[in-house]
Amino acid sequence: MTAAKSPGLKSKPAKTTVDLIGYVLRITIVLTMICLFVPALNPTRMSELIKESDSFFTSGISYGGLTEGFTRAFNKGYIESGVLVRTYIGSITALIGSLVMLAGCAMTLGEIKFKRLGAKVAIAGSGIAVLGAVFIKLQQTGFNNAANPERIKPLTPVGGFAFIAFYGVCLLLSIAYLLKLPQAGKDDKYVMEGKFRLFLMMSPFIVLVVLFSYLPLWGWRYAFYDYTPGQALTSDNFVGFKWFAYLFQNSAMRADVGRVIVNTLAVSGIGLAMSWLPLAFAIFLNEVKNSHVKRVVQTITTIPNFISWVLVYTVAFALFSSDGFMNHILMNLNFTSEPINFLQSNSGIWFKMWLWNTWKGLGWGAIIYIAGISGIDQALYEAATIDGAGRFQRMWHITIPGLMPTFFVQLVLSISNILSNGMDQYLVFKNAFNQSKIEVLDLYTYTLGLGTGGSIPLSTAVGMAKSLISVILLFSANKASKAIRGQSIV
Amino acid sequence: MAEKVNKTEKHKMRLSPGDITFNIINYTVFILFSLICAFPFYYLFINTISDNELVGRGVISLWPQGFHLDNYANITKINGLGTAFIVSIARTVIGTILMVLASALVGYLVTKEEMWGRKFWYRFLVITMYFNAGIIPWYMNMSMLGLTNNFLAYIIPGIISPYNIILVKTYIESIPGELEESASIDGAGYFTIFRKIIFPLSKPILATIAIFGAVGHWNSFTDSLILMTGNAKLQTLQHRLYTYMNESTNLAAMLSGGSEETLAQASMNMRPIKFTVAMVTVIPILIVYPFMSKYFEKGIMLGAVKG
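Residues numbered from 1 in each chain as written. Chains lettered and ligands numbered in written order. Predicted model: local features only at pLDDT ≥ 70, side-chain atom pairs only at ≥ 80, totals over all residues. Heavy atoms only, no water.

(A) Representation of the overall build of chain B in the model. A count of helical and extended segments in chain B gives 15 helices and 0 strands. Evaluated residue by residue, chain B yields a buried proportion of 47% over its 307 residues. Of the contacts made within chain B by residues no fewer than 6 positions apart, 72% connect residues no fewer than 24 positions apart. Accessible surface computed for chain B: about 14,800 Å², of which carbon and sulfur atoms make up 65%. (Helix = DSSP H or I, 4+ residues; strand = E, 2+ residues; numbered from the N terminus. Buried < 20%, exposed > 50% of the residue type's maximum accessible area, 1.4 Å probe, protein only. Contact = heavy atoms within 4.5 Å. Areas by Shrake-Rupley, 256 points an atom, 1.4 Å probe, with all protein chains shown as cover.)

Written out as structure tokens, the structure reads:
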């Protein structure tokens, strides 16, 4: 931006050693930050009582998390709690230092005055972090000389030295950078190019995306280990593709997965086969000429979309359990003498699930088509009427073709989502009677992993296969859409 | 030609028998479906204000009998329900505000051509909509980040929503660029432009995503179910309702097996209480619903525009 142009920009010097050190420094700092999240490098894990799956970051942010396994050890006096408090203080110091260092790293993206300040801040930050890391390392003796080492099981973590080294390198690099940087001129100001300012404003959000969308992918590695909660993943329990093979080789497992896939495809299949329903809803609602009725119908039919599946289940329970509305009516009309519990039955469960889905989503799903209809040129209808086209002919030859592109996009998206039905609906409706038919993939991976007697690696393997197939489906659907309609959807 | 015009005019004035039949069927179907959508809420409601004994027997079906409001007073005595209500309100308010602010800012930033690596970062963000690590890796990740049994687990992961960012970005791109240019010539920085120009002008789309965000927060219960196992105080209202409903399923299952009179009694008295809790979770939605409806179409149409 014009106002931001600094005198320094006019004569941009060629890339020099200073710039090179700058690049290396920034990359090193970012890598060090990433290492904070690697459990294998956790420097605080000086006892087996600290979970192997905890990273330095996890230990550093909460004392409760760090000392989770020590309740008994503290009570019995196996170890002084002071050792852990000091370890925690060290961690906090190192984490704060890391943050300061990162701030310095960001500043070095600016012009000369910012670069110098950034280097100084990075020196301060990495200095603090080195102190913190050394302080953590000093607690090693506290663990080794604990009152009851057999219970504490002291360890010497790789991360202890690694982090001292990482922070040390950052410290040295930032010192070198500061020394190499030229002095700021008198008329130099604290300025930064617009492109970097924008990037820095964006960076916290990039971090969030990495933490919550990309980092979970790293969890796929559990599918390749023989893992039980609390354990670490080491070469000892690496099993390769064992769990994937197990899905096919173990007959009970194969039957289970087969059943779940049939359920998933059946539920999605009914949904796909009936995906024209919202379209029809919109077209026929458009034929309701009384605008008040139209408005009210649209408003009321959209409400169920905004309630949770738990509430939908409550509604289902109120209406269809043995004391519910339906049985009351049926018994009053003498259709049945014994109450029927509709919810505890296996019959037609896929269709029932579709019905609930429709109850919840039909009015909502139609909105996109209602909006689409209002976008169709009214002159077309007038011309058709003049030519003698009846109501259904106009629907068939004008409205439906006009809505086809929208319908097609929705259809392609639902094809690519064929394996993802979500788990909320099936979880709330599940009971001992319908379990075998209601378990769809999303629900199955949940119960397989987090249910009683579940297996985390196996569930991860199933989930991973599902995710990969879904991505392939999406891109194939997109390709098909491009080929058929010359329009991509992703 | 003139004949034809006359014919259509006549057509408009006087409905043919076919049209009348069509209209009758059409109106009936839509009114019926609307009733099916609305009746369950009414049914739940009349069951919460009717005599509990009648409710337990499932007698109340079309209108309330033995009016009283004790159930609404009684649920305040349920342990933990108040906390759950506060947790749900807090996550909805805080989570929605942060999500909207973040979506607005990021939506604005990704429209700036000059950003370092703009295209890359935008794709990096948007592509996350299309893949999913799966529930177990997600859980392990949350646990590694210290977000189990932690209120922040409701807030932080929800701050970034790629879909909402696309909506905001598309909207901001439709704002005339001159406004921004004149401000930047006056020396305003990016953040000032965002705060003084872009943010106020994007209010319609921000309202839309705020509604969707708030409804999502209020209704979500699987995160509470999976992450808050160790601290019942952090469980949401929906999670509570799920627990209560689940207990009843178990009770009913037991009942169908044996024939314990006391169990039947207990399960009957639980029925109106459960419905009352359900009403409490649905009432906030019904209250804000009239205000949200005008934003629906805008949001869903913009959503049809891909990033």
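(B) Expanded view of the pattern of salt bridges. Summed over all chains, the structure comprises 10 salt bridges over all chains. Between D19 of chain B and R391 of chain A there is a salt bridge; the shortest N-O distance is 3.0 Å. A residue pair is termed interchain when its members come from two chains, as with D19 of chain B in helix α2 (residues 17–49) and R391 of chain A in helix α20 (residues 391–416). Salt-bridge contacts for R118 of chain B lead to E113 of chain B; the nearest nitrogen and oxygen are separated by 3.8 Å. (Salt bridge = Lys/Arg side-chain N within 4 Å of Asp/Glu carboxyl O.)

(C) Molecular detail of a nonpolar patch on the surface. Residue and element names in this part refer to chain A. Taken together, the side chains of L20, Y23, V24, I27, V30, L31, I34, L99 and L102 make up a nonpolar region of the molecular surface, amounting to roughly 810 Å² of accessible area. Secondary-structure elements contributing two or more residues to the nonpolar patch are α2 (17–35) and α6 (81–107). Considering each element in turn, the nonpolar patch owes the most residues, 7 residues, to α2. Mapped onto the elements of the fold, L102 is located in helix α6. When its relative accessible area of 32% is taken as the criterion, L102 is described as partly exposed. (Patch = residues over 30% accessible without salt bridge, like charges linked within 9 Å, V, L, I, M, F, W, Y side chains within 5 Å.)

(D) Highlighting a positive patch on the surface. Among the surface-exposed residues, R72, K76, R151 and K153 of chain A lie close enough to one another that they form a single positively charged patch. Here R72 of chain A is to be found in helix α5 (residues 71–76). (Lys, Arg positive; Asp, Glu negative; His and termini not counted. Charge placed at Lys NZ, Arg CZ, Asp CG, Glu CD.)

(E) Molecular detail of the interface of chain B and chain A. Taken together, the contact between chain B and chain A spans 94 residues of the former and 96 residues of the latter. Between chain B and chain A the total buried area reaches about 9,000 Å² when both faces are included, carbon and sulfur atoms providing 77% of it. The three residues of chain B that bury the most area against chain A are F30, M144 and Y190 of chain B, which together make up 8% of that side's buried surface. For the pair chain B and chain A, the interface holds 1 salt bridge. Across the contact surface, chain B and chain A share 16 residue pairs in polar contact (both at pLDDT 80 or more). In terms of residue count, the dominant contributor to the side of chain B that touches chain A is α2 of chain B (16 residues). Residue composition of the side of chain B that touches chain A, grouped by class: 66 nonpolar, 21 polar and 7 charged. (Buried area = accessible area lost by both parts, 1.4 Å probe. Polar contact = N/O pair within 3.5 Å; in protein donor to acceptor, adjacent residues only side chain to side chain. Nonpolar A, V, L, I, M, F, W, Y, C, P; charged D, E, K, R; others polar.)

(F) Focus on the domain arrangement of chain B. Residue and element names in this part refer to chain B. Structurally, chain B comprises domain 1 (1–68) and domain 2 (78–307). At the junction of the two partners, domain 1 supplies 10 residues and domain 2 supplies 8 residues. Summing both sides of the interface, domain 1 and domain 2 together bury roughly 910 Å²; the carbon and sulfur share of this comes to 79%. At the boundary of domain 1 with domain 2, the tally comes to 0 salt bridges. The tally of links between domain 1 and domain 2 comes to 0 residue pairs in polar contact (both at pLDDT 80 or more). (Domains from an automatic or database assignment.)

(G) Main features of the packing of helix α16 (residues 309–320) of chain A against α2 of chain B. For the pair α16 of chain A and α2 of chain B, the least separation of the axes is 10 Å and the interaxial angle reads 75 degrees. When the interaxial angle is binned, α16 of chain A and α2 of chain B end up roughly perpendicular. Side by side, α16 of chain A and α2 of chain B meet where T314, V315, A318 and L319 of chain A of the first sit next to F39, P40, Y43 and L44 of chain B of the second. (Axes fitted to C-alpha atoms, helices over the stretch in contact; angles between N-to-C directions. Parallel < 35°, antiparallel > 145°, perpendicular 65-115°, else oblique.)

(H) Region of the structure containing the environment of M279 of chain B. Residue and element names in this part refer to chain B. Along the chain, M279 turns up in helix α15 (residues 261–304). Once the C-alpha coordinates of M279 and F45 are considered, the two residues, 234 residues apart in sequence, prove to be 6.8 Å apart. Among residues more than four places away in sequence, those in contact with M279 are F41, L44, F45, T48 and Y72.

(I) Examining unusual backbone geometry more closely. All names here are of chain A. Unlike most non-glycine residues, K153 shows phi in positive territory, near 50 degrees. Along the chain, K153 falls in the loop between α9 (149–152) and α10 (158–180). The backbone of N334 shows a phi angle near 60 degrees, a positive value even though the residue is not glycine. If you trace the backbone, N334 turns up in the loop between α17 (325–332) and α18 (349–374). Given a relative accessible area of 67%, N334 falls into the exposed group.

(J) Molecular detail of the environment of G388 of chain A. Residue and element names in this part refer to chain A. Here G388 is to be found in the loop between α19 (378–386) and α20. We classify G388 as exposed; its relative accessible area is 55%. Along the primary structure G388 and R295 are separated by 93 residues, whereas in three dimensions their C-alpha atoms are 29 Å apart.

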